[in-house]
Amino acid sequence: MSLDLVIRGAVVVGSGTPGQVDVGVADGLIASVGPELAGPAAEELDAAGLHLLPGVVDAHVHFNEPGRADWEGFDTGTRALAAGGATAAIEMPLNAHPPTVTGAAFDEKRRCLERGAFVDMALWGGLVPGGIEALDELAARGVVGFKAFMCSSGIDDFPSVDDLTLYEGMCRAASLGLPVAVHAESEAITAGLAARARAAGRTAMRDFLASRPAVAELQAISRAIALAQESGCSLHVVHVSTGRGVALVAEARARGIDVSCETCPHYLVLTDQDAELLGNVAKCAPPLRPGEENESLWSALADGTLPMVASDHSPAPWAMKSAEDAFAAWGGISGCQTMLQLLLTEGCGARGLALELIAEVTSGYVARRFRLPGKGRLEPGADADLVLAKLGGSDELSAADLQYRHPHSPFVGRTLSARVVRTLVRGRTVFADGRIVGPPSGRLLTPNATRMESP
Ligand SMILES: [Zn+2]
């Protein structure tokens, strides 16, 4: 077979072939993996000294287009993904306007991504009060599942669900064979504590942190699990911030309930003290937690009870982050470009996690859980979605490195011991040596038709 590309001599992670091997690419697919592949190939890349991983599939990003592309957009958002070693991502239904809660809104977002995305994109639909009838048309268009907020989303056009909407939405999602993803924090607890603090004039970062205690997350996760069990719906809990939250999900899974969860890099490497030090750039919900939670989340990753890491990239113009009142500032951390580097630095470098585990939680499991065909596997027949990384060294992340429309991030100033050298989507280089390579050629990904794999 004639190859379009051979990548020679990288240490290939997750292929089952130890040591330095070659990877051959033809027609956008991985054609062969093995030592010293014979040519001919139209292009050869010398990757000696580098690691080759399956491209990151980021299960949780907000790119805000259409309607709020001045916050990010598919252009800059997917440039950042490519620069961070991601070859695909799943975009959330809110923060764009209109939100993705109808078939027409899906079509509009699809046009935006097919025009501007440098990596492949799948879409979450939204589950909101009054929106259950629209789930069918969203499913028909190819959403990976439905996202719901159990507390205020911070965006008026994406209201939170009451328990009845969530339960009935789960019943409909179950009949469609699609998962429901929840932002799990109790509205009663968080809104009550926030109102009390603001009424007393307590509006500093520490007051915001105190208004969203762990119990708000744990209570909401338990409630979502109960509704998922009764409805027979697959459940995914986004951005779990506590080890106890992960444990609730793992216990439910052990009881046979189809539930998974993700955490985010910021819950692994930043603490409540960082939030107080850095201010609103590190404001997110659930909020950053005490350092013990970092370690309990790392432990859960290491022992396999925490199966997924996603960035929850939630950008905003700087002006929305600069309020004195911590409650008034936009909550959301820009982090899709740095996820892989942080996991390689803090997970593999500092804590000795296996590279294969990082590939699994950022790519393999994500693609299986959300049934994205061709993704998450570094083996013949899969899409040639690849990232070449240089491990070792130490580089300080600067704002100038960031591809975001608004290059702020709580990770600026951190020392990273892993660097993304090149990213390929379906065999085509989209990022190399610090530069994006165009034109944008990302595609819409839709889940394959088989039933979801149980977690
Ligand atoms: Zn989010």
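This text goes with the structure placed above it.
These remarks concern the structure in this document. Since the structure is predicted, the reported quantities are computational estimates derived from the model, not experimental observations. Numbers given to residues run from 1 along each chain, matching the order in which its sequence is written. pLDDT decides what is reported in this predicted model: residues at 70 or higher carry local features, side-chain atom pairs at 80 or more are listed and counted, and totals for whole chains, interfaces and linings draw on all residues regardless. Only hydrogens and water are removed before side-chain values are computed, so all heavy atoms of the structure are retained for them.

Remarks on the coordination of the zinc ion
- Note that water is not among the atoms considered, so a metal site may appear incomplete; the donors listed are N, O and S atoms within 2.8 Å of the metal, with 3.2 Å applied to Na, K and Ca. On the protein side, the zinc ion has H60 (NE2), H62 (NE2) and D312 (OD) as donor atoms, found 2.1 Å from it.
- For the zinc ion, the donor residues sit on a single chain with the sequence spacing H-x1-H-x249-D. Of this pair, H62 sits in the loop between β6 (56-61) and α1 (74-83) while D312 sits in the loop between β14 (308-309) and α12 (339-351), and the two are 250 residues apart along the sequence. Grouping residues by exposure puts H62 and D312 together as buried. What counts as a helix is a DSSP run of H or I of at least four residues, what counts as a strand is a run of E of at least two, and both are numbered from the N terminus. Each residue's exposure class comes from its accessible area (1.4 Å probe, protein chains only) as a fraction of the maximum for that residue type: buried when under 20%, exposed when over 50%, partly exposed otherwise.

Some words on the side chain of E185
- Relative to the elements of secondary structure, E185 occurs in the loop between β11 (180-183) and α5 (187-199).
- Taking relative accessible area as the criterion, E185 reaches 0% and is therefore assigned buried.
- A distance of 2.9 Å separates the side chain of E185 from the side chain of H183, its partner in a polar contact.
- Whether two residues touch is decided by their heavy atoms; if any such pair falls within 4.5 Å, the residues are in contact. Leave out the neighbours within four places in its chain, and E185 touches M150, C151, T190, R212, A216, E217, A220, A285, P286 and P287. Throughout this description, a polar contact denotes any pair of N or O atoms lying within 3.5 Å of each other; where both atoms belong to protein, one of them has to be capable of donating a hydrogen while the other can accept it, and for residues adjacent in sequence the pair is counted only when both atoms sit in side chains.

Structural notes on the sheet that holds β6
- In short, DSSP must find at least two bridges between two strands for them to pair. Read across the sheet, three strands follow the order β6-β7-β8 without closing on themselves; strand pairing throughout is parallel. Each having just a single partner strand, β6 and β8 (120-123) make up the two edges of the open sheet. Strand-to-strand twist in this sheet, taken as the mean axis angle between neighbours without regard to direction, amounts to 20°.
- In terms of strand pairing, strand β7 (residues 86-91) meets β8 through four bridges, oriented parallel. Considered in β8, the bridge of A88 is made with D120. Lines are fitted to the C-alpha atoms to define the axes, a helix being fitted only along its stretch in contact, and any angle between axes, read from their N-to-C directions, falls within 0 to 180 degrees.

Describing the pattern of salt bridges
- When a carboxyl oxygen of Asp or Glu is within 4 Å of a side-chain nitrogen of Lys or Arg, the pair counts as a salt bridge. Under the definition given, this model contains 25 salt bridges.
- Between D107 and R141 there is a salt bridge, with the nearest N and O atoms lying 2.8 Å from each other. Of this pair, D107 sits in helix α2 (residues 103-116) while R141 sits in helix α3 (residues 135-141), and the two are 34 residues apart along the sequence.
- Judged by its relative accessible area of 26%, D107 is partly exposed.
- Exposure remark for R141: the relative accessible area of 31% places this residue in the partly exposed category.
- Bridged by salt links that share partners, the residues D120, K375, D383, D385 and R426 form one connected network.

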